[in-house]
Amino acid sequence: MGATPKLLLDALAQHALTIQDLTLLQLHTECAESLSDPRLKGHIRHRCFFGGLPTRLLLQQGDADYVPIFLSEVPKLFRSGEQPIDTAIVQVSPPDKHGICSLGISVEATLAACQMAKKIIAHINPMMPRTHGDGFIHYNKFAAVYEQSMPLPQHPLAASDATSLAIGQNVAKLVRDGDCLQMGIGAIPDAVLSCLTEHKDLGIHTELFSDGVLNLVELGVINNSRKKVHPGKLVTGFALGSQRLYDYVDDNPSVIFMDIEQVNDTSIIRKNPNVMAINSALQVDISGQICADSLGTRIYSGVGGQMDFIRGAGLSEGGRSVIALPSTAARGSVSRITTVLSPGAGVVTTRAHVHYIVTEYGIANLRGKSLRERARALIDIAHPDFREQLCQETFDMWGLTV
């Protein structure tokens, strides 16, 4: 994530050319494109629990391996020994007076990896925030260290286009005062957050957060006062944003970075009332099946924590979940709402778990609805250019008249 040890991984990319058959376990490696050099084929094989820009092409070419898994399960995979780890390569803050470093802006599954690895190699970066929560690790645990100051990768607030803003306004209609939010990063989550400035007493229990959350904290909209789990504190697994965000989380006891096995544990999520899980998708079929990790058989991202939070929200008292997405892709030439998913598309969220689907054209509530009712509701929020075609295909393929 944002704490990807780019400096060490760039060096690994050079060193790997002299050896064979390394396996690199990873989630999303931010700014580690050096590891995707075609010359590394046969030297490094990526094993991805989540795909990102540096690994996406390798995954789609069959030159890297994708492991579909809930984000909450990745630490369990390490701790059980099912996935052995020889070496953990990390980026940390400098040690404090007690000799303790911090994993900083990205604890997620890295803590479990460090606990189970035979050795840990660390880049000590004075620009890495020292964060509170689970991500502390003593200097004497490191087999080797390299110290150098370098800026962390930054993701400024996404510019809201008309589509994202319309989606954000629709999602905001579903958010109530006192809700406990989970959301991702990007134009749509940022647009949603920008529409919540008049809300009160919102809380955050999320796998990641960015600057859109920080704006609402500073306005007093987010105060975490109604949460039952860690009341008064913003709970996350990792953060990615601007330097302003990194300065905010540095030594801030009101923000706790926790092991993702805890953050994304359904039994913990559900303890907070009124959980509002906001996620996205690549494609939705008219029965409500959600594809979020692939374009047909081409892996795009990963399963991540979507189902962890959708299920947790569904079990929370007063909880709800939203899948928010633009109605089209490929510059308007393809409908994201389809009669059936593309062949090979991964169902990340099942049609039994889905609740609200939101596009720029409206809100479809699928909970407790029949297939025919779902089809009608989803066609109503599809792009107008595709509605007639969807109606015809729904009859031809499903035998449903909508």
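This one's a predicted model, so the numbers in the text were calculated from it and none came from an experiment. (Residues numbered from 1 in each chain as written. Predicted model: local features only at pLDDT ≥ 70, side-chain atom pairs only at ≥ 80, totals over all residues. Heavy atoms only, no water.)

Visitor: Can you tell me about the packing of aromatic side chains, naming the residues and giving the values?
Guide: Counted according to the given criterion, the structure contains two aromatic pairs. Summarising the aromatic geometry, the rings of phenylalanine 49 and phenylalanine 78 are spaced 5.9 Å apart at their centres and angled 70° between planes, so their arrangement reads as edge-to-face. Highlighted residues: phenylalanine 49 in the loop between β2 (44-48) and α2 (53-61) and phenylalanine 78 in helix α3 (residues 74-79), separated in sequence by 29 residues. Phenylalanine 78 matches phenylalanine 49 in its accessibility class, with the two residues each being buried. Residues tyrosine 139 and phenylalanine 142 carry aromatic rings whose centres are separated by 6.1 Å and whose planes lie at 80° to one another, so their mutual orientation is edge-to-face. (Phe/Tyr/Trp six-rings, centres within 6.5 Å; stacked < 30°, edge-to-face > 60°. Helix = DSSP H or I, 4+ residues; strand = E, 2+ residues; numbered from the N terminus. Buried < 20%, exposed > 50% of the residue type's maximum accessible area, 1.4 Å probe, protein only.)

Visitor: Go over the nonpolar core with me, naming the residues and quoting the values.
Guide: Grouped together as the largest cluster of nonpolar side chains are 78 residues, with contacts concentrated most on Val92, Leu181, Leu196, Phe209 and Val213. Dropping the residues within four chain positions of it, phenylalanine 209 is found in contact with Leu234, Thr236, Phe238, Ala239, Leu240, Leu245, Val249, Val255 and Phe257. Formed by 19 residues, the second largest nonpolar core is a distinct cluster that contains Ile286, Ala364, Ala375 and Phe386. (Core = buried A, V, L, I, M, F, W, Y, C linked by side-chain atoms within 4.5 Å. Contact = heavy atoms within 4.5 Å.)

Visitor: Explain empty space enclosed by the protein to me, and be specific about the residues and the numbers.
Guide: In this structure the tally under the stated criterion is one cavity of 30 Å³ or more. If you go around the largest cavity, the residues you meet are Gly178, Asp179, Cys180, Asp201, Leu202, Gly203, Asn224, Arg226, Lys227, Asn272 and Pro273. Among the residues forming the lining of the largest cavity, the class breakdown is three nonpolar, four polar and four charged. (1 Å grid on protein atoms, 1.4 Å probe; cavity = no way out; pocket = protein on both sides within 12 Å on 5 of 7 lines; lining within 4 Å. Points joined across faces, edges and corners; volume = space filled by probe spheres on them. Nonpolar A, V, L, I, M, F, W, Y, C, P; charged D, E, K, R; others polar.)

Visitor: How would you summarise the pattern of salt bridges if you had to cite specific residues and measurements?
Guide: In this structure the tally under the stated criterion is 15 salt bridges. A salt bridge links arginine 39 to aspartate 37; its shortest N-O distance comes to 2.9 Å. (Salt bridge = Lys/Arg side-chain N within 4 Å of Asp/Glu carboxyl O.)

Visitor: I'd like a description of the UniProt feature "domain: Acetyl-CoA hydrolase/transferase N-terminal" (unreviewed entry) in the protein chain, backed by residues and values.
Guide: Under the present numbering, the feature "domain: Acetyl-CoA hydrolase/transferase N-terminal" (unreviewed entry) in UniProt falls on residues 44-148. Across residues 44-148, helical content stands at 21% and strand content at 30%; the span's end C-alpha atoms are separated by 25 Å. (UniProt positions renumbered as here; feature names shortened; annotations may be inferred.)

Visitor: Hey, could you go over the packing of helix α12 (residues 371-380) against helix α13 (residues 384-398) for me, with residue numbers and the actual values?
Guide: Packed helices, taken two at a time, are described by their axes: the angle between them and the distance between them. Two elements in contact, α12 and α13, have axes whose closest approach is 9 Å; the angle formed by their N-to-C orientations is 160°. When the interaxial angle is binned, α12 and α13 end up roughly antiparallel. Of the two possible hands of crossing, α12 and α13 adopt the one that is right-handed. Along its contact with α12, which presents Leu371, Ala375, Arg376, Ile379 and Asp380, the element α13 presents Arg387, Leu390, Cys391, Thr394 and Trp398. Here the contact of α12 with α13 is built from residues that sort into six nonpolar, one polar and three charged. (Axes fitted to C-alpha atoms, helices over the stretch in contact; angles between N-to-C directions. Parallel < 35°, antiparallel > 145°, perpendicular 65-115°, else oblique. Left-handed = near helix turned anticlockwise from the far one by under 90°.)

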